[in-house]
Amino acid sequence: MQIKIIHKTSLIIFLGWLLLLLPHSFGSGLNNGSNPEELVCRMEPGYDIEIINTLYGTTVRSYQPQIKCYLLIVPEGQDPESLATMINTRFEVQYCGANYYLAAPEPFQRSQPFLDNQGIGDLETQLAATTLDLATAQIITEGIDVNVAILDGGIDFDHPEFVEKSGGVFSGWDFIDNDSIANDEPGGSCSGHGTFVAGVVKLVAPASHIYAYRVLDTTGEGDGYNIAAAVLKAIADSCKVINISFGMIGENVALDDALRYARDNDVMVIAAAGNDSTDSNLIFPFPASRYYCIAVAALDSLNYRADFSNFGVKVNVCAPGTAIYAPYLDTLYGWWSGTSFAAPFVTGLAALIYSLNPDIEWDDVYNIINQTATNVDSLNPGIEGMLGNGLINMTAALQMVGEPYMSGDANHDEIVNLLDIMFVISYLYRGGPAPIPLISADADGSGSVTILDLAYLIKYLYKNGPPPVG
């Protein structure tokens, strides 16, 4: 066991006072307005953006061809939201909206890192690591050859924790300073946030390759168009998992399209559920609210819901989120609490899954993480069913990745019979668990699971039809 010895007491005191003086309304952090100079716009197929530029005096600042989204400059003196409302009335326009900001939740709720200056912390034996039994999971795999994107406030690349790990930490792009070095800058409420998140991923998947995309400034704020661009660049950089430990109330249309693009390209996005301590769908943060992301709530050391964590029907799974120990800026380490730090435990798990099977499909990664989680409803009376599938179970998830399957054996009991028909009916029409892998229920070999697979199984079992071929 290696104990980290930290010093620089004066820096610790300064940071502590600085963070205590910051605004702490989580709502204001997640709904912090928009860029007053920009709109995001997508045209209906066959129509040119110059129609809008000619009518409303806008000009193109940027374009994302993967999602066909334009970033437009608003004419001086015009309100972007009012202008977007007018543009949206045009039949040639699919959508137009202000370029809304997203923000990291912790700096806006007085959640602050408590920095370690006495050498009393240890990464591998901290409670979160032992709760998730990382040691056993890493006997199976350490995440080798998997690229993981951290969209956040950058990473301190010189931190000894990253220099010493085998997988390496790399710079994707700095979308705040528009340069190639996505470094975690000191001096703000979000400083250290991205480094801390990356450290949690490295704790889980030490052999993974971490790519940093700086999309939040030192205050923890970044606009949706840049974040969408970072998602698209992460996909182009062959990242299989993307961690988003920030959000907003409402949505940003450009980022929403980019997230769907990630899903369509078998890239898993993990998002923090937010720190409002609410189950209200009205303020459940985007992008965790989207079905094509895995939304992560935070549990405390006893597997109770952390008192700050959001909960509700949009949560998929939970992970430890209180008193997490991870690297901070410079050579420092610290403890920090928040759903921002629960999410990267799940990101690390997804990286481990992809390392075992690089060709595994998005649906199977999603289903494995959700279905192997341990239910914690009994520990959380009054909010049963509001913490998703429960606490992630890393070892169970990894063991499921390599399980062999028989075509048509949807319930994995090693025989194709009436129970498989019932299992597929439950999955398709009653919200039941998904077959793992999903292809095991693809009896007709079409590449998807539909009512036609039910018909195929019935014909095979009762009418001498051909055997399943999926």
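These numbers come from a predicted model, not from an experiment.

1. What to know about the overall build of the chain
Reasoning step 1: When you go through the chain residue by residue, the secondary structure sums to 15 helices and 15 strands.
Reasoning step 2: In terms of C-alpha radius of gyration, the chain reaches 23 Å, essentially the compact-globule figure of 23 Å for 470 residues.
Reasoning step 3: Referenced to the eigenvectors of the C-alpha coordinate spread, the extents of the chain come out at roughly 75 × 65 × 45 Å.
Reasoning step 4: Here the chain holds 470 residues, and the buried ones make up 57% of them.
Reasoning step 5: As displayed, the chain offers around 18,700 Å² of accessible surface, 54% of which is attributable to carbon and sulfur atoms.
Reasoning step 6: Distance between charge centres in the chain, computed from 20 positive and 54 negative side chains, equals 4 Å.

2. Focus on the pairing of strand 8 (residues 209-214)
Reasoning step 1: Most of strand 8 sits inside the fold, with five of its six residues counted as buried.
Reasoning step 2: Where strand 7 (residues 169-174) lies against strand 8, five bridges are found, and the strand directions are parallel. Following the sheet pairing, Val 169 is matched in strand 8 by Ile 210.

3. Side note on the state of the cysteines
Reasoning step 1: Tallied over the entire structure, the rule returns zero disulfides.
Reasoning step 2: Not part of a disulfide, Cys 96 finds its nearest cysteine sulfur in Cys 41, a span of 4.2 Å.
Reasoning step 3: Cys 96 gets classed as buried once you look at its relative accessible area, which sits at 7%.

4. Looking at the pattern of salt bridges
Note on pairing: side chains with opposite charge can pair once their charged atoms come close.
Reasoning step 1: All chains considered together, the criterion is met by 11 salt bridges.
Reasoning step 2: Between Arg 42 and Asp 257 there is a salt bridge, with the nearest N and O atoms lying 3.0 Å from each other. Placement of the pair is Arg 42 in strand 1 (residues 34-43) and Asp 257 in helix 10 (residues 253-264), with a sequence separation of 215 residues.
Reasoning step 3: The exposure class assigned to Asp 257 is buried, which follows from its relative accessible area of 7%.
Reasoning step 4: Beyond isolated ion pairs, a larger network of salt bridges with shared partners links Arg 42, Glu 251, Asp 256, Asp 257, Arg 260 and Arg 290.

5. Points about the packing of helix 8 (residues 193-204) against helix 11 (residues 339-356)
Reasoning step 1: Here helix 8 crosses helix 11 at 40°, and the two axes come no closer than 8 Å. The angle between helix 8 and helix 11 places the two elements in the oblique class. Handedness of the crossing formed by helix 8 with helix 11: right-handed. Residues His 193, Phe 196, Val 197, Val 200, Val 201, Leu 203 and Val 204 of helix 8 form the contact with helix 11, whose participating residues are Ser 340, Phe 341, Pro 344, Phe 345, Thr 347, Gly 348, Leu 349 and Leu 352.
Reasoning step 2: A class-by-class count of the residues in the contact of helix 8 with helix 11 yields 11 nonpolar, four polar and no charged.

6. Considering the side chain of Ser 309
Reasoning step 1: Secondary-structure assignment places Ser 309 in the loop between strand 12 (294-299) and strand 13 (317-320).
Reasoning step 2: The class for Ser 309 is buried, based on a relative accessible area of 0%.
Reasoning step 3: Residues contacting Ser 309, with those up to four places away along its chain left out, are Gly 274, Ser 277, Thr 278, Ala 297, Ala 298 and Thr 339.

7. Overview of the sheet that holds strand 12
Reasoning step 1: Judged by pairing direction, the sheet is parallel, and its seven strands sit side by side in the order 7-8-6-10-11-12-13 without closing on themselves. A single partner strand is all that each edge strand has here, and the edge strands are strand 7 and strand 13. Across the sheet, the axes of successive neighbouring strands diverge by a mean angle of 25°, strand direction being ignored.
Reasoning step 2: As paired strands, strand 12 and strand 13 are joined by four bridges and run parallel to one another.

8. Observations concerning helix 12 (residues 362-371)
Reasoning step 1: Burial analysis of helix 12 places eight of its 10 residues in the buried class, which makes it a mostly covered element.
Reasoning step 2: Among the residues of helix 12, those classed as buried are Trp 362, Asp 364, Val 365, Tyr 366, Asn 367, Ile 368, Ile 369 and Asn 370.
Reasoning step 3: On its buried side, helix 12 packs onto helix 10, strand 11 (268-272), strand 12, strand 13, helix 11 and helix 13 (394-401).

9. With respect to the packing of aromatic side chains
Reasoning step 1: One pass over the structure, following the stated rule, counts 11 aromatic pairs.
Reasoning step 2: The interplanar angle of 35° and the centroid separation of 5.3 Å between the aromatic rings of Phe 170 and Tyr 211 together place this pair among those described as tilted. Residue Phe 170 is located in strand 7, and its partner Tyr 211 is located in strand 8; the two are separated by 41 residues in the primary sequence.
Reasoning step 3: The class for Phe 170 is partly exposed, based on a relative accessible area of 34%.
Reasoning step 4: Measuring from centroid to centroid gives 4.9 Å for Trp 336 and Phe 341, while their planes differ by 35°, and the two rings are tilted.
Reasoning step 5: Among the residues examined, Trp 336 registers a relative accessible area of 1% and is labelled buried.

10. Side note on the environment of Asp 300
Reasoning step 1: Among the structural elements, Asp 300 can be located in the loop between strand 12 and strand 13.
Reasoning step 2: The class of Asp 300 is partly exposed, set by a relative accessible area of 22%.
Reasoning step 3: Measuring from C-alpha to C-alpha, the distance between Asp 300 and Phe 114 comes to 17 Å, with 186 residues separating the pair along the chain.
Reasoning step 4: Excluding its chain neighbours within four sequence positions, the residues that come into contact with Asp 300 are Ala 306 and Thr 322.

11. Comments concerning the nonpolar core
Reasoning step 1: The biggest cluster of nonpolar side chains holds 83 residues, and the ones touching the most others in it are Phe 345, Ile 353, Ile 369 and Ile 392.
Reasoning step 2: Broken down by element, this core gets its largest block of residues, 11 residues, from helix 11.
Reasoning step 3: Ile 392 has contacts with Leu 132, Val 317, Cys 318, Ala 319, Phe 345, Val 346, Leu 349, Ile 369 and Ala 373, leaving out every residue within four places of it along the chain.
Reasoning step 4: By size, the runner-up hydrophobic cluster in this structure holds 39 residues, among which are Cys 69, Leu 102, Ala 229 and Val 231.

12. Focus: the environment of Thr 218
Reasoning step 1: Following the sequence through the fold, Thr 218 ends up in the loop between strand 8 and strand 9 (221-223).
Reasoning step 2: Taking relative accessible area as the criterion, Thr 218 reaches 24% and is therefore assigned partly exposed.
Reasoning step 3: C-alpha of Thr 218 to C-alpha of Ile 244: the two residues are 26 residues apart in sequence and 16 Å apart in space.
Reasoning step 4: Contacts of Thr 218, omitting those with residues within four sequence positions, involve Glu 185, Pro 186, Gly 188, Ser 189, Cys 190 and Ser 191.

Procedures and definitions
- Going along each chain's sequence as written, the residues are numbered from 1 onward.
- Residue-level local features of this predicted model are given only where pLDDT is at least 70; pairs of side-chain atoms are given and counted only at 80 or more, and the full residue set underlies all totals for whole chains, interfaces and linings.
- Calculated side-chain values reflect all of the structure's heavy atoms, with hydrogen atoms and water omitted.
- Put simply, DSSP marks the helices as runs of H or I at least four residues long and the strands as runs of E at least two long, and each gets a number from the N terminus on.
- We compute the radius of gyration from the C-alpha atoms alone; for a globule the expected value is 2.2 Å times N to the 0.38, where N is the number of residues.
- Remark: exposure states derive from per-residue accessible area (1.4 Å probe, protein chains only) relative to the maximum for the residue type, with buried under 20%, exposed over 50%, and partly exposed in between.
- Only the protein chains shown count as cover for residues, and all accessible areas are computed by the Shrake-Rupley method using a 1.4 Å probe.
- Charge counting treats Lys and Arg as positive and Asp and Glu as negative, with His and both chain ends excluded.
- Just so you know, the charge point we use is NZ for Lys, CZ for Arg, CG for Asp and CD for Glu.
- Two strands pair if DSSP finds at least two bridges between them.
- Two cysteine sulfur atoms make up a disulfide if the distance between them is within 2.5 Å.
- The rule for a salt bridge is simple: a side-chain nitrogen of Lys or Arg has to be within 4 Å of a carboxyl oxygen of Asp or Glu.
- Between the N-to-C directions of two axes lies an angle of 0 to 180 degrees, each axis being a line fitted to C-alpha atoms and, for a helix, fitted only over the stretch in contact.
- The cut-offs work like this: below 35 degrees is roughly parallel, past 145 is roughly antiparallel, 65 to 115 is roughly perpendicular, and the gaps in between are oblique.
- Here a crossing is called left-handed whenever its near helix is offset anticlockwise from the far helix by less than a right angle, and right-handed whenever the offset is clockwise.
- Whether two residues are in contact is decided by their heavy atoms, any of which lying within 4.5 Å being enough.
- Classification convention: Asp, Glu, Lys, Arg as charged; Ala, Val, Leu, Ile, Met, Phe, Trp, Tyr, Cys, Pro as nonpolar; all other residues, Gly among them, as polar.
- To pair, rings of Phe, Tyr and Trp, with the six-membered ring standing in for Trp, must have centres within 6.5 Å; the planes then decide the type, stacked if under 30 degrees apart, edge-to-face if over 60, and tilted in the middle.
- Joining through side-chain atoms within 4.5 Å is the link that ties buried Ala, Val, Leu, Ile, Met, Phe, Trp, Tyr and Cys residues into a set, and such a set is a nonpolar core.

Note that every value here comes from positions in space, so none of it alone points to a role or purpose.
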